[in-house]
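Architecture and fold: a report
Now for the letters of each chain:
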Amino acid sequence: MMLVRPGINKCITISGFGGRALTKETKKCFSLNSCHFKVSACPVYGEDHREIQNTLKKIIDQDINPHVDQWEADGAFPAKEVFKKLGNAGLLGITKPTEYGGSALDFSYSVAANEQLGAVHCGAVPMAIAVQTDMSTPALARAGNDRLKREFLAPSIAGDLVSCLGVSEPGAGSDVASIKTRAERKGDDLIINGQKMWITNGCQADWICLLANTSAGPPHRSKSLMCVPMDTKVVMSSSLLSLRGFWNLGMTKSIPCGSPGITIAKRIDKMGMRSSDTAQIFFEDVRVPADSIIGEEGMGFTYQMQQFQEERMAGIALSLAPMDLIINQTIEYARQRQAFGRSILDNQVVHFTLAELQTEVELLRSLLYRAVESYVAGQDVTELVSMGKLKSGRLVREVSDKCLQFWGGMGFTNEVLVSRMYRDLRLLSIGAGADEVMLGIICKFMGTLPAPAR
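Below or above, wherever it landed, is the structure these notes cover. (Residues numbered from 1 in each chain as written. Predicted model: local features only at pLDDT ≥ 70, side-chain atom pairs only at ≥ 80, totals over all residues. Heavy atoms only, no water.)

1. Focus on the environment of valine 437
Tracing the sequence through the fold places valine 437 in helix α12 (residues 435–446). Taking the C-alpha atoms as reference points, valine 437 and serine 386, 51 residues apart in sequence, are found 8.7 Å from one another. (Helix = DSSP H or I, 4+ residues; strand = E, 2+ residues; numbered from the N terminus.)

Given below as structure tokens:
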């Protein structure tokens, strides 16, 4: 398919779109969910975005949703297989440079893809894909050297490699400045020691975009992002880790595991996101070339904050279709379910509540589009994105909780989608910066945050 980049008089090729030229950008926005198209006046999306969504929808309908229930039962999905299908369709490098296999489109196209990914019937698979596209690779694409881009970015865009992002630690989740993992320079190499926690794709990843301390300077200038291959990893059982003192979530430094390398604990047993593999990872004397650092040494914290903006917008986009789907399924179930001689939906509290929830979803969608449009225009969207992230994290909880209530006892089973989303979407208020962190950022922009105590 020939995809015309807005404002540029040349075409680039993306596989998987039927081999025909796209239409011009339009003023209409088509937000595709698993139920139906929604049409609204929106300058962010056009026919090109819709083409990407349609291609992705086919993959979701044919290759993902039919298997989701089994993957959830298994506690994992085949990331390499799924990512390769997406890579072949040109969907893993939408915003990435063309010389490394990407499409060099603006970020609105990535958001359109993430909105469509929300049509997957679980939260885990879309989250894992977004880690590859919007969390572990943006800084590499923007600031990495040619060697790193060819070794890690290009095959990630092609779907040949699975990546993960290594920022959080047991004592440093939202508080990124407090990470303890270090990478000390020895000659032309870096020697990495430390640990990372809550790492999505960690068990299947081929490489990790790792944030580590590379100097003893101020916390915001002492960190670097780097590409680290995971081919030295070993998998240890949780029982062995416990015996050796690893499985201590309060640890602040790694305990030697007997030989140099990367040690991956057994998948963390989570409340939701069941088919996503989430690992605790330990690094002991892991040696990588010093030019594995992405961009400028000491700029890792800044690069990661930039990545967070895209990660948070991706998270908001991923939340929209699940909420639409939950509301629509609840309408249908409440219409059919009878109580006291009438359908549940006929009760005013039910149809009014669903109307309010749908209104809130549309308001969140508009906020996201405003943030995306501003971001594409080169504006600072930190405040808007923080507001959107806060709102989405709270709204998915409200939508899933209130809708589940209308399902009655059936909603408390694992046989309906609303209960899965109730568990999965709870993560949105925690991951990529907790609600409280978002409130702090917003307060800074409002000038109401107290100065830190001296």
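2. Things to note about the pairing of strand β6 (residues 182–186)
Of the pairings in the sheet, the one linking β6 to strand β7 (residues 189–200) comprises five bridges and is antiparallel in character. Paired with glutamate 184 across the strands is isoleucine 191, a residue of β7. The antiparallel pairing of β6 with β7 creates a hairpin that spans two residues between the two strands, and glycine 187 there sits at a positive phi of about 65 degrees. (Pairing = 2+ DSSP bridges.)

3. Structural notes on the environment of glycine 298
Looking at the element boundaries, glycine 298 is found in the loop between β12 (278–289) and α8 (300–336). Among the residues examined, glycine 298 registers a relative accessible area of 5% and is labelled buried. With 76 residues separating them in the primary sequence, glycine 298 and serine 222 have C-alpha atoms 4.9 Å apart. Ignoring anything within four residues of it in the chain, the contact list for glycine 298 reads Thr214, His220, Arg221, Ser222, Lys223 and Ser224. (Buried < 20%, exposed > 50% of the residue type's maximum accessible area, 1.4 Å probe, protein only. Contact = heavy atoms within 4.5 Å.)

4. As for the pattern of salt bridges
Pairing of side chains with opposite charge becomes possible as their charged atoms draw close. Within this structure, the stated rule accounts for 24 salt bridges. Note that aspartate 189 is salt-bridged to arginine 287, the shortest N-O span being 3.0 Å. Within this pair, whereas aspartate 189 is found in strand β7, its partner arginine 287 is found in strand β12, the two being separated by 98 residues in sequence. Shared partners join several salt bridges into a network, and the residues in it are Glu115, Asp324, Glu362 and Arg365. (Salt bridge = Lys/Arg side-chain N within 4 Å of Asp/Glu carboxyl O.)

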